[in-house]
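Understanding the architecture of this molecule
Letter by letter, the chains look like this.
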Amino acid sequence: EIRAGNLEVLNGALIDTDIFENSSGTAGNITINVDGTARFSGFGPISNTPSGVSSNLRTNSQGQSGNIEINATNLQILDDVQIGTSVFGQGNAGNVAFNITETALFDEANSSQGTIVSSGIERGGQGQGGNVAIIANNLQVLNGADISSSTLGQGNAGDIAVTAETLEVLNGGN
């Protein structure tokens, strides 16, 4: 669990729990509680990876990826950020939940790799995709940012639930 007044995860930084290849078990849950703004942005120029939060069940592994929960007053998911749970082996993907008191912004305006929030079964994986839930007073999904639950392997995708007073999906936001 992470607790902070404000949080920035930038330029390829990653908060992650995984079950590695050829292993079994349950990846840990990730809970982030932020009193103010949680901001995730940027692709790592040296690491060549997106910033984000993830929990994964890797290839040839069995078990379950963990859940991700982010609670904040404001949330900014910007430019090359990936937040999600995935199964590449056999098992179930965890759920992804956002509880945002004011504004949740998902924006890919300056992205080269994609801004994605997801839970799913990847190619070669077997299991159940997790659910994605977003609760926010104001929700903006802009400029190609993508919120999804999917399956490219064997199994069902999870559900997506959005509760917002104001919802804006513009310029290719999904």
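Up top you'll find the structure we're talking about.
The structure presented is a predicted model; accordingly, all values stated were derived computationally and were not measured.

What about the overall build of the protein chain?
Summing up its helical and strand segments, the protein chain has 0 helices and 15 strands in all. Relative to its length of 174 residues, the protein chain is compact, with a C-alpha radius of gyration of 15 Å against a globular reference of 16 Å. Across its three principal axes, the protein chain shows a C-alpha extent of roughly 40 × 30 × 30 Å. Burial analysis of the protein chain (174 residues in total) assigns 45% to the buried set.

Brief notes about the sheet that holds strand E10 (residues 90-92)
Here we have 3 strands laid out as an open sheet, ordered E4-E7-E10, and parallel in their pairing. Where the open sheet ends on each side, the last strands, each with one partner, are strand E4 (24-26) and E10. Sheet twist, expressed as the average angle between the axes of neighbouring strands with direction ignored, equals 5 degrees. Across 3 bridges, E4 lies against strand E7 (residues 62-64) in parallel orientation. Bridged to Thr26 within E7 is Gln64.

Structural notes on the sheet that holds strand E14 (residues 146-151)
The sheet built from 5 strands is open, its strands ordered E3-E6-E9-E12-E14 with parallel pairing. Each having just a single partner strand, strand E3 (14-19) and E14 make up the two edges of the open sheet. Across the sheet, the axes of successive neighbouring strands diverge by a mean angle of 5 degrees, strand direction being ignored. Looking at chain direction, strand E9 (residues 81-87) and strand E12 (residues 116-121) are connected through 6 bridges and run parallel.

Structural notes on the pattern of salt bridges
With the rule as written, the count across this model stands at 3 salt bridges. Here Glu8 makes a salt bridge to Arg39, at a shortest N to O gap of 3.3 Å. Of this pair, Glu8 sits in strand E2 (residues 7-10) while Arg39 sits in strand E5 (residues 30-41), placing them 31 residues apart in sequence. For Arg58, the salt bridge identified is with Asp18, shortest N-O distance 3.0 Å. Of this pair, Arg58 sits in the loop between strand E6 (51-57) and E7 while Asp18 is found in strand E3, placing the two residues 40 residues apart along the sequence. Residue Arg58 is classed as partly exposed on the basis of its relative accessible area, which comes to 27%.

Details of the environment of Leu75
When you line up the elements, Leu75 lands in strand E8 (residues 68-78). The contact partners of Leu75, leaving out residues within four places of it in the chain, are Ala38, Phe40, Ile70, Phe98, Ile100, Thr103, Ala104, Leu105 and Phe106.

As for the environment of Val162
Along the chain, Val162 turns up in strand E15 (residues 160-170). Linking Val162 and Gly44, residues 118 residues apart in sequence, is a C-alpha distance of 30 Å. Setting aside its immediate chain neighbours within four residues, Val162 contacts Ile134 and Leu139.

A look at the layout of surface pockets
Over the atoms a probe the size of a water molecule is rolled, and this reveals where empty space is left. Reported here for the largest pocket is a volume of approximately 420 Å³. Forming the walls of the largest pocket are 25 residues, and the residues nearest its centre are Ser54, Asn56, Gln82, Gly84 and Ser86. The set of elements that each furnish at least two residues to the lining of the largest pocket consists of E3, E6, E9, E12 and E14. Top element by residues in the lining of the largest pocket is E9. It accounts for 5 residues. Considering only residue class, the lining of the largest pocket consists of 7 nonpolar, 14 polar and 4 charged.

Basis of the calculations
Residues numbered from 1 in each chain as written. Predicted model: local features only at pLDDT ≥ 70, side-chain atom pairs only at ≥ 80, totals over all residues. Heavy atoms only, no water. Helix = DSSP H or I, 4+ residues; strand = E, 2+ residues; numbered from the N terminus. Rg over C-alpha atoms; globule rule 2.2 N^0.38 Å. Buried < 20%, exposed > 50% of the residue type's maximum accessible area, 1.4 Å probe, protein only. Pairing = 2+ DSSP bridges. Axes fitted to C-alpha atoms, helices over the stretch in contact; angles between N-to-C directions. Salt bridge = Lys/Arg side-chain N within 4 Å of Asp/Glu carboxyl O. Contact = heavy atoms within 4.5 Å. 1 Å grid on protein atoms, 1.4 Å probe; cavity = no way out; pocket = protein on both sides within 12 Å on 5 of 7 lines; lining within 4 Å. Points joined across faces, edges and corners; volume = space filled by probe spheres on them. Nonpolar A, V, L, I, M, F, W, Y, C, P; charged D, E, K, R; others polar.

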